Amino acid sequence: MMELIVISKPTVFKEESSLINQLFEAGLQVFHLRKENADEAAYRKIIEGISPEYHSRIALHHFHSLAGDYHIQRIHHTESFRKERHNGELPENKIFSTSIHHLADREEIGQYQYSFFGPVFNSLSKPGYKSMIPSHFRLEKHQAAPKIIALGGIGLTKIDQVKEMNFDGIALLGSIWNDPSQAITTFKKALVKCQA
């Protein structure tokens, strides 16, 4: 069974927290809160709109200090942040994730629980953000290495292909948020495919 993660829409929108709650109710286990240009107040507003029972399933990409205020257990280090901190030891009381864009960088991320890798396919949310891997690609698993989560251009029709590529999970972004009215339906269909 592949893990299924949802990453937030890059921009803030109305009724967002309500939709995130519905995703959790539908079975979402991990939600990554990543806003490209939002300030700390906007992050707080989104988190406060999410039911406290789900806060432990939120991963923060920015404003990591908010974790203590909301009992958030997950912290995401962007690739640039990770490289700036020179891959030092991470505290053991949180779940840490990161991102890589080259598989050779797996050697640098041994202390993380999982990492996003992509774009696996041409991005649905960022036009011009092209796939980095060949269609016949298959991920080689390394013992005790962090889980690798496929990201980029993954719609419902691509999930079986990602499974064949041997990834540990998928992260959805554009396929969920490009049509928010269908977000829950799309998520439920994706969850069934990941669990098959």
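Anyway, here's the lowdown on the structure attached to this text. Here the residue numbering is sequential within each chain, running from 1 through the sequence in written order. For this predicted model, a pLDDT threshold of at least 70 governs which residues receive local features, and a threshold of 80 or more governs which side-chain atom pairs are given and counted, while totals over whole chains, interfaces and linings are taken from all residues. Only hydrogens and water are set aside; all other atoms, that is, all heavy atoms of the structure, feed into the side-chain values.

1. Description of the overall build of the protein chain
When you go through the protein chain residue by residue, the secondary structure sums to seven helices and eight strands. A compact globule built from 196 residues should have a C-alpha radius of gyration of about 16 Å, and the protein chain, at 16 Å, falls within 12% of that. C-alpha atoms of the protein chain, sized along the principal axes, occupy 40 × 40 × 30 Å. In what follows, residue pairs with any heavy atoms lying within 4.5 Å of each other are defined as contacts. When contacts within the protein chain are restricted to residue pairs at least 6 apart in sequence, those whose partners lie at least 24 apart make up 59%. Throughout, the Shrake-Rupley method with a 1.4 Å probe supplies accessible areas, and for residues the shown protein chains are the sole cover considered. As presented, the protein chain carries roughly 9800 Å² of accessible surface, and 50% of it is formed by carbon and sulfur atoms. Charge-centre separation for the protein chain: the mean point of 23 positive side chains lies 5 Å from the mean point of 22 negative side chains. Only DSSP runs of H or I reaching four residues or more are called helices, and only runs of E reaching two or more are called strands; each is numbered from the N terminus. We compute the radius of gyration over the C-alpha atoms and compare it with the globule rule, which gives 2.2 Å times the number of residues raised to the power 0.38. Under this rule, positive means Lys or Arg and negative means Asp or Glu; His and the chain ends count for nothing. To locate a charge, the coordinates of NZ of Lys, CZ of Arg, CG of Asp or CD of Glu are taken.

2. Focus: the nonpolar core
In terms of nonpolar packing, the biggest core is built from 63 residues, with Phe-167, Ile-170 and Trp-177 touching the most fellow members. Among the elements that make up this core, the one with the highest residue count is helix H7 (residues 183-195) (six residues). Look past the residues within four positions of Phe-167 in its chain and what remains in contact with it is Met-2, Phe-117, Val-120, Ile-133, Phe-137, Leu-139, Ile-148, Ile-149, Ala-150 and Val-162. The definition of a nonpolar core used throughout is a set of buried Ala, Val, Leu, Ile, Met, Phe, Trp, Tyr and Cys residues joined through side-chain atoms within 4.5 Å. Here the term buried applies to any residue with accessible area under 20% of the maximum for its type, exposed to any over 50%, and partly exposed to those in between, with areas from a 1.4 Å probe on protein chains only.

3. Details of the side chain of His-76
Note that His-76 resides in strand E4 (residues 74-77). You can call His-76 buried: its relative accessible area is 1%. Between N or O atoms, a polar contact is any pair within 3.5 Å; within protein, one atom must be a potential hydrogen donor and the other a potential acceptor, and residues adjacent in sequence are included only when both atoms are from side chains. A polar atom in the side chain of His-76 sits 3.0 Å from the side chain of Ser-99. The contacts of His-76, once residues within four sequence positions are left out, are His-32, Leu-60, His-61, His-64, Ser-97, Thr-98, Ser-99 and Phe-116.

4. A look at the pairing of strand E5 (residues 95-100)
Among the six residues of E5, five are classified as buried, and the element is accordingly described as predominantly covered. In terms of strand pairing, E4 meets E5 through four bridges, oriented parallel. Looking at the pairing, Arg-74 lines up with Ile-95 of E5. Note on pairing: two strands pair once DSSP finds at least 2 bridges between them. Two strands pair when backbone bridges link them, and E5 and strand E6 (residues 114-117) are joined in this way by four bridges, in the parallel orientation. By the bridge assignment, Thr-98 is partnered in E6 with Ser-115.

5. Brief notes about the packing of aromatic side chains
Aromatic pairs are defined between Phe, Tyr and Trp rings, using the six-membered ring for Trp, whenever the two ring centres lie within 6.5 Å; interplanar angles under 30 degrees are classed as stacked, those over 60 as edge-to-face, and all others as tilted. Taken as a whole and judged by the stated rule, the model has seven aromatic pairs. On the basis of an interplanar angle of 20 degrees and a centroid distance of 4.7 Å, the ring pair of Phe-24 and Tyr-54 is categorised as stacked. Here Phe-24, found in helix H1 (residues 16-25), pairs with Tyr-54, found in the loop between helix H2 (40-49) and strand E3 (58-60); they are 30 residues apart in sequence, far enough to count as distant. For Tyr-54, a relative accessible area of 9% corresponds to the buried category.

6. What about the sheet that holds strand E1 (residues 3-7)?
Sheet architecture is closed into a barrel: eight strands sit in the order E1-E2-E3-E4-E5-E6-E7-E8, paired in parallel fashion. Going across the sheet, the axis of each strand differs from the next one's by a mean of 30 degrees, ignoring polarity. Across three bridges, strand E2 (residues 30-33) lies against E3 in parallel orientation. Each bridged residue has a counterpart across the sheet, and for His-32 the counterpart in E3 is Ala-59. Axis definition: a line fitted to C-alpha atoms, over the contacting stretch in the case of helices. Angles run 0 to 180 degrees between N-to-C directions.

7. Here's the deal with the pairing of strand E7 (residues 147-151)
The element E7 is extensively covered by neighbouring structure, given that four of its five residues are classed as buried. As judged from the four bridges shared by E6 and E7, these two strands associate in the parallel manner. From the neighbouring strand, Tyr-114 faces E7, where its bridge partner is Lys-147. Viewed with both strands pointing away, a crossover whose connecting path from the first strand over the helix to the second turns clockwise is right-handed. Each parallel crossover has a hand, and for E7 linked through helix H5 (residues 159-164) to strand E8 (residues 169-172) it is right-handed.

8. Here we look at H2
Among the residues of H2, Ala-42, Tyr-43, Ile-46 and Ile-47 are the ones counted as buried. Along the axis of H2, the buried residues cluster in a sector spanning 135 degrees; they form a single face. H2 presents Ala-41, Lys-45 and Glu-48 as exposed residues on the side facing more than 90 degrees away from its buried surface. Structurally, H2 contributes buried residues whose contacts are with H1, E2, E3 and helix H3 (66-70). Working definition: the arc comes from the directions between the helix axis and the C-beta atoms, pointing outward to the latter.

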